[in-house]
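Single-letter residue listing:
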Amino acid sequence: KRQLLPWRKETVSHHALVESQTTRPSSPLPFRRLPTQHPMGLLTFFAGITASSSDGCVTQGMRGAGYDAGVSYFVSSVDLCRVQCLSVADCAYFSYSPGNEECFLATKQNYDWTDCRYRTGADRCYFGARYCGEAAAPEPVAAIEAAVTAAEVHCAGDAPGLLPTLEAAAEFSAVLATMTDARVPGYESYPAFLEETSYFASAAARVLADGGCAPRACDGSLALFGALEAFLLVVDGHGGRALSRDRARRALFDDRRVFLADGKHYNDVTVKRIDDFYAGVPDHLMERGVLHGAPFATITLQDQFSCGHSLQGSDMIHIISVTRRSFDLRLTIQAGAWYEEAFSGTGESARGEIVQTILRHETAHQYDRTMNDRQLQLRAYLTQRSTKNDDWLRAGVASHSVGAAAFFRSATGEIIASQIGNQYFLSTSTQLEYSRKQALIGNLEPLGWFLFNLDLVGASTVATFYENERDRGKVDARTVQISRAPGHGKIVGLRVPGCGDWTFSYDDPSAEHVATSFAYTGSPQRCTPADATAASYPTQTPTVAPTALPTEHPGPIFPKCGTRVYVGGSTTVAVCATDPWYASKDRRFGCCTKTDSTGSGGNQCARTDSTGECLWKKDGIQVRNWFEAIKTCDEAGLELCREDASSNSRAAPGCREGGCRLDGQHLWTQIPCQAGDVGYDASCEVDETPTPAPSFHPTNEPPLREEDPGLGLEDPRTSPEGPPSAAPVETPTETPTETPTETP
């Protein structure tokens, strides 16, 4: 929906600034000063900075400029259509069809004057601009201030009304999307912008922490408060302030990067089941699917934001969905309320808890973007071949209308959501059993679809089966072994613990990726995977003979005393990173040019590859550790910066204003840490490597502890400490000393 920067989970410097800010900063950005008198003053102030409604600013009878900025459905009025436009940063015009409740958003007026009478009648269509008359877009800081002020006014008991609240929240939402949009120019000073808005972040946190201030759907404050939560999540990178009073949702965000914007409807059990589900989603599906290109995913609950027939949840949830990855669960029920039969029409049975069913389905829509070219071709080929309802794993879908085959062949975007979301993540073994039975009677299409699912969900050598749903939606995860054709190719073997081994053959040259037969060593009865570890498959190509010497380290060696992490856009060393997996703090990086054969050309800033894509989030996936940063730079013909910064912040490794939104971020380098760096551990300097042969001189005896009573072993004194003893010592020395003592 909106393109956002990949997530920056920790913003220590900004967070500290926000927490410590108690007065409004002096700022070159335009602030509207917030009155500090009686709340009625706030109301007057708020009324002065919110945009006017669309009264008198629309044209009837025309649809207007098109819909290149999007279409929204189930929008209740022309004013709420304008609110939709305000929430989209690049929307300049809107048109509204009341009969169909459709809202069309456009970036420009391209004179697509399509007559609306074919839809709702010429007199009931509306067209208007984002702003009325000479009104102009507020500055970003003013939009943030307006939203926070609206929340303060609400908490003071002087609610400004539905439309002013939603207009302020919508413009606020557009600013949030733009703040984190890597494509929009003008936000290179993102850290500075956060500093300018830190006062309002603290004010938003106070509003959200006020247990006596309850937001409501009917006056728009529920959507506004959701936007305030999103604001703090963007600023902080964690749920500490945004969700300070909500441990379950805070854990879901901090652990899974999923913002549950449900208007606080779900109880703790339901939230925990949502957390459990995302804990079991494979990493590649989360990073390349659910979170692809976004700081976090947002889950909304449309019905929670409705207010009778005049205000629908669809009028408001777009305000909270400030990231590209968001989807809606719609129904306001709790986990365990009712269940769906996921295998209707197949002869098999497994019933899924309904909240989890909707969650799995909507989340699985995000997996479509994870497919590689081979998997895309396989889906297209299987779709072409699957002409009968029984060819589909979800054979009972649309059974009362067009049937599964017609439905999925016309709605390919539902294939993964339905067959993986509704079934595979509920009971994988049931899906496999249906595939096996169909294959035994000569129908191999369901087996082809099962292998497609396994291919998409599985990693290189392992995959997960999901089984035994219980306790209102919790499932067990079972690890199975898979064997692929070389190059992360099609699956040729499956080993299920407690069940047996499957072997798949691909003998049709015209369909090389579709299985033509299988062999199974297990029981002919259905088998549920055991909670055990199956033996791994052997490597595809065994080594001819053992190597004579151990192989060298496969890549660069992390510096013994750690590596310096610089603040982007400066010459400052932020910290000494003492382990290469410091990525749990989400470090970023920039590359530098390598020195050429003449010894020149090195250590120049390089932030993008040859195609212009930012290296630190190449292919939309954020590189997270030092080794990956090294590898990414090397593959681009560059290197992770290895030389200390000069006094010029524009030089490497700081590279101020070098692009890719790295100014102010913590950046990996391969510059070794030095004593005095924050986080430096001096114990790393001890050489624990044994010498190749005994040393010529033995090591000295360790010194005695101070509390030792003294046994004559300490260092000799420079002079006697007292008079000689009255008699000789009890035991004379065995031999004379080499040099006789001087005369007393």
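Residues numbered from 1 in each chain as written. Predicted model: local features only at pLDDT ≥ 70, side-chain atom pairs only at ≥ 80, totals over all residues. Heavy atoms only, no water.

## Observations regarding the overall build of the protein chain
Along the backbone of the protein chain there are 19 helices and 22 strands. Looking at the 744 residues of the protein chain, the share that counts as buried comes to 51%. For the protein chain, contacts bridging at least 24 residues in sequence account for 70% of all contacts bridging at least 6. A total accessible area of about 35,300 Å² is found for the protein chain, and carbon and sulfur atoms account for 52% of it. (Helix = DSSP H or I, 4+ residues; strand = E, 2+ residues; numbered from the N terminus. Buried < 20%, exposed > 50% of the residue type's maximum accessible area, 1.4 Å probe, protein only. Contact = heavy atoms within 4.5 Å. Areas by Shrake-Rupley, 256 points an atom, 1.4 Å probe, with all protein chains shown as cover.)

## Regarding the packing of helix H4 (residues 140-155) against helix H8 (residues 221-236)
Close contact between H4 and H8 brings their axes to 10 Å; oriented N to C, the two are set at 130°. Put simply, H4 runs oblique to H8. In this structure, H4 crosses over H8, and the sense of that crossing is left-handed. Counted together, Ile144, Ala147, Val148, Ala150, Ala151, His154 and Cys155 of H4 and Ser221, Leu224, Phe225, Leu228 and Phe231 of H8 form the full contact between these two elements. (Axes fitted to C-alpha atoms, helices over the stretch in contact; angles between N-to-C directions. Parallel < 35°, antiparallel > 145°, perpendicular 65-115°, else oblique. Left-handed = near helix turned anticlockwise from the far one by under 90°.)

## Focus on the sheet that holds strand E18 (residues 588-589)
Strand pairing in a sheet relies on backbone hydrogen bonds, with the paired strands running either antiparallel or parallel. On the basis of which strands lie adjacent, the open sheet formed by 4 strands has the order E17-E16-E22-E18 and mixed pairing. Where the open sheet ends on each side, the last strands, each with one partner, are strand E17 (573-577) and E18. Pairing of strand E16 (residues 563-567) with strand E22 (residues 666-672) involves 4 bridges; the strand directions are antiparallel. Opposite Tyr566, over in E22, you have Leu667 as the bridge partner. (Pairing = 2+ DSSP bridges.)

## Overview of the sheet that holds strand E14 (residues 500-505)
If you walk across this open sheet you meet the 5 strands as E11-E12-E13-E14-E15, and the pairing is antiparallel. The open sheet has two edge strands with one neighbour each: strand E11 (462-470) and strand E15 (517-520). Ignoring strand direction, the axes of neighbouring strands in this sheet form an average angle of 25°. In terms of strand pairing, strand E12 (residues 474-484) meets strand E13 (residues 491-496) through 4 bridges, oriented antiparallel.

## Observations concerning the state of the cysteines
Tallied over the entire structure, the rule returns 11 disulfides. Note that Cys81 is cross-linked by a disulfide to Cys103, the S-S spacing being 2.0 Å. Where Cys81 bonds to Cys103 through sulfur, the torsion about that S-S bond is close to 80°, and the disulfide is right-handed. With a gap of 22 residues between them, Cys81 in helix H3 (residues 78-86) and Cys103 in strand E4 (residues 102-106) connect regions that are remote in the sequence. Here Cys592 pairs with Cys641 through a disulfide, and the sulfurs are 2.0 Å apart. Where Cys592 bonds to Cys641 through sulfur, the torsion about that S-S bond is close to 90°, and the disulfide is right-handed. Residue Cys592 is located in strand E19 (residues 591-592), and its partner Cys641 is located in the loop between strand E21 (639-640) and E22; the two are separated by 49 residues in the primary sequence. By relative accessible area, which is 1% here, Cys592 ends up buried. (Disulfide = S-S within 2.5 Å.)

## Things to note about the packing of aromatic side chains
Summed over the entire model, instances satisfying the criterion amount to 23 aromatic pairs. Taken together, a centroid distance of 5.3 Å and an interplanar angle of 90° make the contact between Tyr199 and Phe200 edge-to-face. By the burial criterion, Tyr199 is buried, and Phe200 matches it. With 4.4 Å between their ring centres and 25° between their planes, Phe425 and Tyr466 make a pair best called stacked. (Phe/Tyr/Trp six-rings, centres within 6.5 Å; stacked < 30°, edge-to-face > 60°.)

## A look at the pairing of strand E5 (residues 126-129)
With 3 bridges connecting them, strand E1 (residues 58-60) and E5 associate as antiparallel partners. Counterpart to Val58 in the pairing with E5 is Gly128. Both strand E3 (residues 93-97) and E5 contribute to a ladder of 4 bridges, which runs antiparallel. Across the sheet, Ser95 pairs through a bridge with Phe127, a residue of E5.

## Some thoughts on the nonpolar core
Core analysis: the largest hydrophobic core is formed by 67 residues, its most contacted members being Tyr278, Tyr367, Phe425 and Leu494. In terms of residues, this core owes the most to one element, helix H18 (residues 445-457), which gives 8 residues. Not counting residues up to four positions away in its chain, the partners in contact with Tyr367 are Phe277, Val281, Leu285, Val290, Ile416, Ile420, Phe425 and Leu456. Ranked by size, the runner-up nonpolar core spans 65 residues in total, among them Phe94, Ala204, Ala217 and Ile319. (Core = buried A, V, L, I, M, F, W, Y, C linked by side-chain atoms within 4.5 Å.)

## With respect to the pairing of strand E6 (residues 258-261)
Burial along E6 is two-sided: the residues Val258 and Leu260 and Phe259 and Ala261 are all buried. Here 4 bridges tie E6 to strand E7 (residues 297-300), and the two strands are oriented parallel to one another. When the bridges of E7 are listed, Ala261 appears paired with Thr300.

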